[in-house]
Amino acid sequence: MRDEGGPTLSAKARAIRAGDVRTISRGISGIENGDEEMRDLLRELYPFTGGARVIGFTGAPGAGKSSVIHELIREYLRFGLRIAVLAVDPTSEFTGGGVLGDRIRMPVFHDHLYIRSFGARGRLGGLSDSCGQVLSLLDAAGFERIFVETVGAGQSEIEIRYYADTVVVVANPNQGDDIQMLKAGILEIGDVFIVNKCELPGADAAAAELTKMTHLFAKGERDGDQIAGYIPPVIKVSTREKIGLPELLNGIEECLHYLEDNDLLRASRRRRVEQDLSHTLSRVWQNKVLAPFKATPLWQSLSEDVSAARLDPWTAGERLWEAITAADFITTLPQKTTLPKKRSKPRKE
Amino acid sequence: MSGGKIRVLIAKVGLDGHDVGAKVVARGLADAGMEVIYTGLRQTPQTVVKIAVQEDVDIIGISLLSGSHMVFIPEVIRLLKENKADDIGVFCGGVIPVEDITELKKIGVKDVFLTGSNMKDVAARAREIYAERQELRHAR
């Protein structure tokens, strides 16, 4: 039995440590909605993090990320590991809504498995800024492997680099020649490459092309970490024909071992922490400084001047910066700094 | 920072192979600003409730065209109670005889939308159910 943290923890924190699905689910909603009480809960849970390994999955829409995760879940469950899946899907910039459809490809239920669909909610990067907090919660809940599926387009492919210990890139046959591989930039983020739908023609060529590239461009370092000697594997997978799945599990686990043996997991955790800290700071900056600053006469009059072309935006920017760096700046801000928020009352259990 | 967002699970249960209606409702609710998760075809009441709990949805919308609504819907509601998740609101739609509507509402179904229902009404009702649920949670 895992250490559930003793009687000093709150009831909620203990329930999460014990893996109670309902409390975990509500906790994630709380984080997504920015509920204030979540900060206390995460403070309690944070010391219990560090056991999970985060595996990111990225690749073009339709490449088969969800299907690959589905098959991989089954492989992992055979080893008795506890698995969580965060399936991120895009939500509309206009309405804020969306159909989160990854889960439909993962029709599997098990006591050791938790799947959660995640709306990107229009935030930069596709991975919402609550991603780091949700990962901490799942980590503290005792999940040993956390699969994060990205929306598969744009910035999220780069952002997953910060959150995942290892990144799996899902490619397909006939995605183009070696020049496409070069310009797509996917070589920079992948630790494990797979050619999914390998029952289709062109799979061998695509795998050979990728292998050549990984050897040519095998990096001596990744985001400043020395990982000399590691060449990402290229694995042919077919989720339809059930080909290559044990090999994929091995590829991922070997990469994790490699990182562990070379003391690089600590580096990836550090990377995640820095990302989280900068997100947190941006949020504080946005709410406590920028929002009230916009209500000051200085901001308003400068905006007016720039609109009327009496002043250029760059000079105005510098004047604003001068005001910010003044010693008494914070005291000049209007006091009412909280923005109206829905669901501000704490949810009671 | 985002406020609370309404999360809805659209579910198909039993041997019922047509889901155009379910998909239209899923899309309609998404267009109304909600996050919608769709179970896919031929689920059991057990899997529907498991997904609802894992996803922390506010509402489950069940679509039925097979005539088995008086079997599956009471079972979903019973399982929600068993899992202490009966604060999740349930509505249903599809091919349902009008004489069954009273009985369905009696066992706790919030609303029944027959073919030809207006998407705006469904979205408005979903918002009401969500508001009721928020109150219920605060009261507990």
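So, how was this worked out
Residues numbered from 1 in each chain as written. Chains lettered and ligands numbered in written order. Predicted model: local features only at pLDDT ≥ 70, side-chain atom pairs only at ≥ 80, totals over all residues. Heavy atoms only, no water. Helix = DSSP H or I, 4+ residues; strand = E, 2+ residues; numbered from the N terminus. Buried < 20%, exposed > 50% of the residue type's maximum accessible area, 1.4 Å probe, protein only. Contact = heavy atoms within 4.5 Å. Areas by Shrake-Rupley, 256 points an atom, 1.4 Å probe, with all protein chains shown as cover. Salt bridge = Lys/Arg side-chain N within 4 Å of Asp/Glu carboxyl O. Pairing = 2+ DSSP bridges. Axes fitted to C-alpha atoms, helices over the stretch in contact; angles between N-to-C directions. Core = buried A, V, L, I, M, F, W, Y, C linked by side-chain atoms within 4.5 Å. Buried area = accessible area lost by both parts, 1.4 Å probe. Polar contact = N/O pair within 3.5 Å; in protein donor to acceptor, adjacent residues only side chain to side chain. Nonpolar A, V, L, I, M, F, W, Y, C, P; charged D, E, K, R; others polar. Phe/Tyr/Trp six-rings, centres within 6.5 Å; stacked < 30°, edge-to-face > 60°. Lys NZ or Arg CZ within 6 Å of the ring centre and 35° of its normal. 1 Å grid on protein atoms, 1.4 Å probe; cavity = no way out; pocket = protein on both sides within 12 Å on 5 of 7 lines; lining within 4 Å. Points joined across faces, edges and corners; volume = space filled by probe spheres on them. Right-handed = clockwise from strand over helix to strand, strands pointing away.

Draft legend 1. Representation of the overall build of chain A. Counting its regular elements, chain A contains 13 helices and 10 strands. For chain A, the proportion of its 349 residues judged to be buried stands at 50%. For chain A, the share of sequence-separated contacts (at least 6 apart) that also reach a separation of at least 24 residues comes to 77%. In the structure as shown, chain A presents an accessible area of about 16800 Å², 56% of it carried by carbon and sulfur atoms.

Draft legend 2. Quick peek at the pattern of salt bridges. Tallied over the full model, the rule gives 35 salt bridges over all chains. For Glu274(A), the salt bridge is made with Arg270(A), and the minimal N-O distance between the two is 3.0 Å. Linking Glu274(A) with Arg270(A), this pair stays in helix H10 (residues 265–294), spanning four residues, or about one helical turn. The exposure class of Glu274(A) is partly exposed, given its relative accessible area of 44%. Between Lys110(B) and Glu132(B) there is a salt bridge, and its shortest N-O distance comes to 3.4 Å. Of this pair, Lys110(B) sits in the loop between helix H4 (98–106) and strand S5 (111–114) while Glu132(B) sits in helix H5 (residues 119–139), placing them 22 residues apart in sequence. A relative accessible area of 31% means that Lys110(B) is categorised as partly exposed. The partly exposed category is assigned to Glu132(B), whose relative accessible area is 36%.

Draft legend 3. Quick peek at the sheet that holds S5(B). Within the open sheet, the six strands sit side by side as S3(A)-S2(B)-S1(B)-S3(B)-S4(B)-S5(B). Their pairing is parallel. Either end of the sheet is taken by a strand with one partner, and the two such strands are strand S3 (98–100) of chain A together with S5 of chain B. Shown here is a sheet whose adjacent strand axes are inclined to one another by a mean of 25 degrees, direction ignored. Where helix H1 (residues 20–31) of chain B meets the sheet, it contacts S3 of chain A together with strand S1 (7–12), strand S2 (35–38), strand S3 (59–64) and strand S4 (89–94) of chain B, and its direction lies at approximately 175 degrees from that of S1(B).

Draft legend 4. Layout of the nonpolar core. Residue and element names in this part refer to chain A. By size, the foremost hydrophobic cluster in this structure holds 45 residues, and its most contacted members are Ile-24, Leu-137, Leu-138 and Ile-146. At six residues, helix H5 (residues 131–140) tops the list of elements feeding residues into this core. In contact with Leu-138, not counting residues within four places along its chain, are Ile-24, Ile-28, Ala-84, Leu-86, Tyr-114, Phe-143 and Ile-146. Among the nonpolar cores identified, the runner-up in size contains 34 residues, and Tyr-76, Ala-87, Ile-235 and Leu-256 belong to it.

Draft legend 5. The arrangement of the interface of chain B and chain A in detail. On the side of chain A, 36 residues touch chain B, which itself brings 37 residues to the contact. For the chain B and chain A pair, buried surface summed over both sides reaches about 3100 Å², with 48% attributable to carbon and sulfur atoms. Remark: the boundary between chain B and chain A carries four salt bridges. For the salt bridge of Glu55(B) with Arg103(A), the shortest nitrogen-to-oxygen distance reads 2.7 Å. If you look at where chain B meets chain A, you find 18 residue pairs in polar contact (both at pLDDT 80 or more). Of all the elements in the fold, those that place two or more residues in the side of chain B that touches chain A are H1, S2, helix H2 (45–55) and H5 of chain B. Looking at side-chain class alone, the side of chain B that touches chain A contains 12 nonpolar, 11 polar and 14 charged residues.

Draft legend 6. Representation of the packing of aromatic side chains within the structure. Applying the stated criterion to the full structure yields seven aromatic pairs over all chains. Consider the rings of Phe91(B) and Phe113(B), whose centres lie 5.5 Å apart with planes at 85 degrees: the pair is edge-to-face. A residue pair is termed long-range when its members are at least 10 positions apart, and Phe91(B) in strand S4 and Phe113(B) in strand S5 qualify at 22 residues. Each member of the pair, Phe91(B) together with Phe113(B), is buried. Here the aromatic residues Phe57(A), Tyr76(A) and Phe147(A) are joined through ring pairs into a cluster of three or more. The ring of Phe143(A) has Arg82(A) lying over it, and the distance from NZ or CZ to the ring centre is 4.6 Å.

Draft legend 7. Just the sheet that holds strand S5 (residues 145–149) of chain A, in detail. All names here are of chain A. Spatially, seven strands are ordered S4-S2-S5-S1-S6-S7-S10 in an open sheet, and the strand pairing comes out parallel. Lying at the two open borders of the sheet, with one neighbouring strand each, are strand S4 (113–119) and strand S10 (234–236). Between one strand axis and the next, the sheet turns through 20 degrees on average, direction left out of account. The sheet contact formed by strand S7 (residues 192–195) and S10 spans three bridges and is parallel. Within S10, the residue paired with Phe-193 across the bridge is Val-234.

Draft legend 8. Quick peek at unusual backbone geometry. Backbone geometry places Lys197(A), a non-glycine residue, at a positive phi of 65 degrees. Unlike most non-glycine residues, Arg42(B) shows phi in positive territory, near 55 degrees.

Draft legend 9. Structural detail: empty space enclosed by the protein. Residue and element names in this part refer to chain A. Enumeration according to the criterion identifies four cavities of 30 Å³ or more in this entry. Lining the largest cavity are 13 residues; nearest its centre among them are Tyr-46, Gly-132, Ser-136, Arg-269 and Arg-272. Contributions of two or more residues to the lining of the largest cavity are made by H5 and H10. A per-class count over the lining of the largest cavity returns six nonpolar, three polar and four charged.

Draft legend 10. Quick look at the environment of Leu137(A). Relative to the helices and strands, Leu137(A) is located in helix H5. Leu137(A) sits 88 residues away from Thr49(A) along the chain, and the two C-alpha atoms are 7.9 Å apart.

Draft legend 11. The arrangement of the pairing of S5(B) in detail. Residue and element names in this part refer to chain B. Looking at chain direction, S4 and S5 are connected through four bridges and run parallel. Residue pairing across strands places Gly-94 opposite Leu-114, the latter belonging to S5. One crossover worth recording links S4 to the parallel S5 by way of H4, and it is right-handed.

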